[in-house]
Amino acid sequence: MFSYNLQLAIKSLKDKPSLTLLTILAIALGLGLYTTVATMGYQGNQVPLAHKSENLFLVQMDNREITAEPVEHQARLVDTTYKDTINLMAMNLPGVQQTFNWSTYGILNVEDENINTLRTPAAVTNSNFFTMFEPPFLYGNGWDKTIENSGEAVIVISKLMNDKLFGGDNSVGKSVRINTHVLKIIGVLDTWHLTRKFYDRSYRSASPDNFFIPYSFAMENNMPRRAGFDCWAANADIARSFRTENKERLINSECAWVTFWAEIPNEQVENYNQQLLNYIDSQKSLGRFPRETLTYLTNLNDQLLYINGRNQFMNVFSMLATLFFAVCILNAVSILLAKFMRRTKEVSLRRALGAKKKTIIGQYVLEVVIIGLIGGVVGIIISYFGLQGMMNIQIYASDYTTKLEDIQPLFQLNLVMIGQAFVTGIFCTLVASIYPIWRICNIPPASQLKAQ
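Here's what I pulled together on the structure shown here. (Residues numbered from 1 in each chain as written. Predicted model: local features only at pLDDT ≥ 70, side-chain atom pairs only at ≥ 80, totals over all residues. Heavy atoms only, no water.)

Here we look at the environment of Pro290
Here Pro290 is to be found in the loop between α10 (269–284) and β13 (295–299). A relative accessible area of 35% means that Pro290 is categorised as partly exposed. (Helix = DSSP H or I, 4+ residues; strand = E, 2+ residues; numbered from the N terminus. Buried < 20%, exposed > 50% of the residue type's maximum accessible area, 1.4 Å probe, protein only.)

Listed below in structure tokens is the structure:
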């Protein structure tokens with residue numbers, strides 16, 4: 001019976017192929033746009049370091065002065081002061097790692113005179129950054145605590161910069177100059193696909209730093225600090241000067257500007273939080289932390305959930321894509337109804353000769369499934385080109401500062417999205433066919449046979 005229904009379904013598809021093609025296109029266009037947006041949302045919502053994201057915490061303490069406005073959400077609370085950063089790094093809990101970062105900048109050049117100088121930002125951090133956040137290395141590795149404590153002039157660069165400055169060769173042991181400082185390359189990162197650049201709280205899509213410098217060297221040599229300084233009123237008037245001047249005053253100030261992270265095993269989270277509270281209590285006795293004690297340990301999952309929920313562009317785009325898909329499904333209902341109703345006399349004759357209603361329903365359901373499969377294939381092809389177009393738009397919107405290899409994973413179909421597209425295509429086509437099939441199978445055969 002299945003083979004017989006399949007033959008009838010294929011024959012029906014060939015009958016009035018224009019209507020069949022219109023149905024497929026209606027399904028494919030709606031599904032293509034919907035899958036394009038769904039893929040962008042799915043890939044964009046992937047959490048970096050998913051295997052440990054629940055144990056990576058942004059650490060925040062409310063050190064602000066008593067007159068500061070209340071904070072309603074963790075995302076609105078300031079970062080960490082430099083002196084608190086150093087004090088927290090001295091905490092020693094089993095299994096806990098801590099790191100921190102801020103940004104610097106400078107004019108970079110190499111010995112090769114054919115390479116133009118670059119004005120570039122760089123991340124300033126400590127050695128734990130590389131073990132906690134696991135950036136992949138192409139050559140060499142990160143620095144260790146010995147190098148960090150000595151203040152040695154070293155640097156880790158990205159594959160992109162290695163290709164640009166050294167033609168892709170192993171540059172470990174070579175040097176670059178940032179402003180007046182000569183730094184030796186000890187590691188080259190491989191392409192690091194980050195869904196979002198979380199570690200500096202910018203949460204920008206796919207834009208990890210190209211240079212990483214030890215904090216000890218950066219502070220000792222007073223490298224510029226590119227940061228937003230949240231200072232008490234006593235330092236508000238000179239906060240802007242902290243970018244390049246007044247290093248000692250900044251180090252001892254109540255200005256929050258360092259992003260602080262901790263990797264904490266589940267069994268140590270409560271203990272770590274208690275250590276934070278104890279630390280704040282000890283600082284209160286020195287006249288610091290005048291407000292009611294407030295700390296946040298926010299893991300990476302919760303941060304990304306909040307950030308993605310506030311992505312208004314994707315929210316609106318997803319709603320429009322869903323509405324467009326719904327319109328395409330309604331059009332498919334109309335086309336299927338017109339296509340099926342042309343065969344009312346044939347169906348009435350078959351029913352008069354003894355064909356059961358469920359047999360006829362099975363034939364048309366099979367036909368609709370085939371339409372859904374073809375629509376799914378065409379929809380996936382459309383979504384592929386849609387994703388390529390959106391990727392090129394993003395590169396253009398960034399004035400070509402965003403590199404293709406950095407954002408390509410955010411616009412890439414995978415098996416999950418392909419499977420979802422097929423299931424969605426078939427399911428929605430079946431839903432669209434319910435009314436047309438019901439109509440054609442419930443027309444009284446006598447009303448059609450009398451007209452013959």
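Structure's up, so let's keep going.
A closer look at empty space enclosed by the protein
In this approach the atoms are scanned with a rolling probe the size of a water molecule, which exposes any empty space left behind. Enumeration according to the criterion identifies 1 cavity of 30 Å³ or more in this entry. In this structure, the largest cavity occupies an estimated 110 Å³ of space. Taken together, Ser158, Lys159, Leu160, Leu189, Asp190, Thr191, Trp192, Pro208, Asp209, Asn210, Glu405 and Asp406 make up the lining of the largest cavity. Elements supplying a minimum of two residues to the lining of the largest cavity: α6 (159–166) and α15 (404–407). (1 Å grid on protein atoms, 1.4 Å probe; cavity = no way out; pocket = protein on both sides within 12 Å on 5 of 7 lines; lining within 4 Å. Points joined across faces, edges and corners; volume = space filled by probe spheres on them.)

Digging into the pairing of strand β3 (residues 97–109)
Counting buried positions along β3 yields 10 of 13 residues, so the element is predominantly enclosed. Pairing of β3 with strand β12 (residues 256–263), which is carried by 5 bridges, proceeds in the antiparallel orientation. By the bridge assignment for β12, Gln97 is matched with Glu263. Bridge count between β3 and strand β7 (residues 175–178): 2 bridges; the pairing is antiparallel. If you follow Asn109 over to β7, its bridge partner there is Arg177. (Pairing = 2+ DSSP bridges.)

A few points about the state of the cysteines
Evaluated as defined, the whole model comprises 1 disulfide. Across a sulfur-sulfur distance of 1.9 Å, Cys231 and Cys255 are joined as a disulfide pair. Sign of the S-S torsion, about 115° for the bond between Cys231 and Cys255, identifies this disulfide as right-handed. With Cys231 in the loop between α7 (215–220) and α8 (233–236) and Cys255 in the loop between α9 (247–251) and β12, the pair connects residues that are 24 residues apart, well separated along the chain. Take Cys255: its relative accessible area is 0%, and that puts it in the buried class. Left unpaired, Cys328 is separated from the closest cysteine sulfur, that of Cys428, by 11 Å. (Disulfide = S-S within 2.5 Å.)

Describing a positive patch on the surface
There is a patch of like positive charges on the surface, built from Arg119, Arg204, Arg226, Arg240 and Arg243. Within the fold, Arg204 resides in strand β10 (residues 204–205). (Patch = residues over 30% accessible without salt bridge, like charges linked within 9 Å, V, L, I, M, F, W, Y side chains within 5 Å. Areas by Shrake-Rupley, 256 points an atom, 1.4 Å probe, with all protein chains shown as cover. Salt bridge = Lys/Arg side-chain N within 4 Å of Asp/Glu carboxyl O. Lys, Arg positive; Asp, Glu negative; His and termini not counted. Charge placed at Lys NZ, Arg CZ, Asp CG, Glu CD.)

Quick word on helix α16 (residues 415–441)
With 27 residues, α16 extends 37 Å between its outermost C-alpha atoms, agreeing within 8% with the 39 Å of an ideal straight helix rising 1.5 Å per residue. At Ser433, α16 shows its largest kink, close to 40°, and the proline Pro436 lies no more than four residues downstream. Listing the buried residues of α16 in full gives Met417, Ala421, Thr424, Gly425, Cys428, Thr429, Ala432, Ser433, Pro436, Ile437, Ile440 and Cys441. (Expected span 1.5 Å × (residues − 1). Bend = angle between axes of the 7 residues up to and from the residue.)

Some points on the packing of helix α3 (residues 82–89) against α10
Where α3 contacts α10, the axes come no closer than 12 Å and their chain directions differ by 130°. Accordingly, the angle class assigned to the pair α3 and α10 is oblique. Both α3 and α10 take part in a crossing whose hand is right-handed. Listed contacts from α10 to Lys83, Asp84, Asn87 and Leu88 of α3 are Leu276, Tyr279 and Gln283. Its residues placed into classes, the contact of α3 with α10 shows 3 nonpolar, 2 polar and 2 charged. (Axes fitted to C-alpha atoms, helices over the stretch in contact; angles between N-to-C directions. Parallel < 35°, antiparallel > 145°, perpendicular 65-115°, else oblique. Left-handed = near helix turned anticlockwise from the far one by under 90°. Contact = heavy atoms within 4.5 Å. Nonpolar A, V, L, I, M, F, W, Y, C, P; charged D, E, K, R; others polar.)

Remarks on the packing of helix α12 (residues 312–341) against helix α14 (residues 357–397)
At a minimum axis separation of 13 Å, α12 and α14 run at an interaxial angle of 145°. Here α12 runs over α14; the crossing is right-handed. Here Phe317, Leu336, Lys339 and Phe340 of α12 lie close against α14, whose contacting residues are Tyr364, Glu367, Val368, Ile371 and Met390. Residue composition of the contact of α12 with α14, grouped by class: 7 nonpolar, no polar and 2 charged.

Regarding the environment of Gly389
Looking at the secondary structure, you find Gly389 in helix α14. Measuring from C-alpha to C-alpha, the distance between Gly389 and Phe411 comes to 9.4 Å, with 22 residues separating the pair along the chain.

Digging into the packing of aromatic side chains
This model, assessed by the stated rule, comprises 25 aromatic pairs. The interplanar angle of 75° and the centroid separation of 4.9 Å between the aromatic rings of Phe100 and Tyr215 together place this pair among those described as edge-to-face. Remark: Tyr215 occurs in helix α7 and Phe100 occurs in strand β3; sequence separation between them is 115 residues. Residue classification places Tyr215 among the buried positions, given a relative accessible area of 16%. (Phe/Tyr/Trp six-rings, centres within 6.5 Å; stacked < 30°, edge-to-face > 60°.)

Concerning the pairing of β12
In terms of residue burial, β12 counts as a mostly covered element, since 8 of its 8 residues are buried. Sheet analysis places strand β1 (residues 56–61) next to β12, joined by 3 bridges and oriented antiparallel. Its bridge partner being in β12, Leu56 is matched across the sheet by Glu263. Strand direction decides the pairing type here: strand β2 (residues 80–81) and β12, joined by 2 bridges, are antiparallel. Bridging across to β12, Thr81 finds its partner in Ala256.

Here's the deal with α3
Each α-helix winds once per 3.6 residues, and so residues spaced three or four apart point in a common direction. Among all positions of α3, only Tyr82, Asp84, Thr85 and Leu88 are buried. Seen along its axis, α3 keeps its buried residues to an arc of 160°; they face one direction. (Arc of directions from axis to C-beta.)

Here we look at unusual backbone geometry
Backbone geometry places Asn222, a non-glycine residue, at a positive phi of 50°. Structurally, the position occupied by Asn222 is in the loop between α7 and α8. When its relative accessible area of 30% is taken as the criterion, Asn222 is described as partly exposed. Backbone geometry at Asn246 places phi at a positive 50°, although glycine is not the residue there. Assessed through its relative accessible area of 35%, Asn246 is described here as partly exposed.

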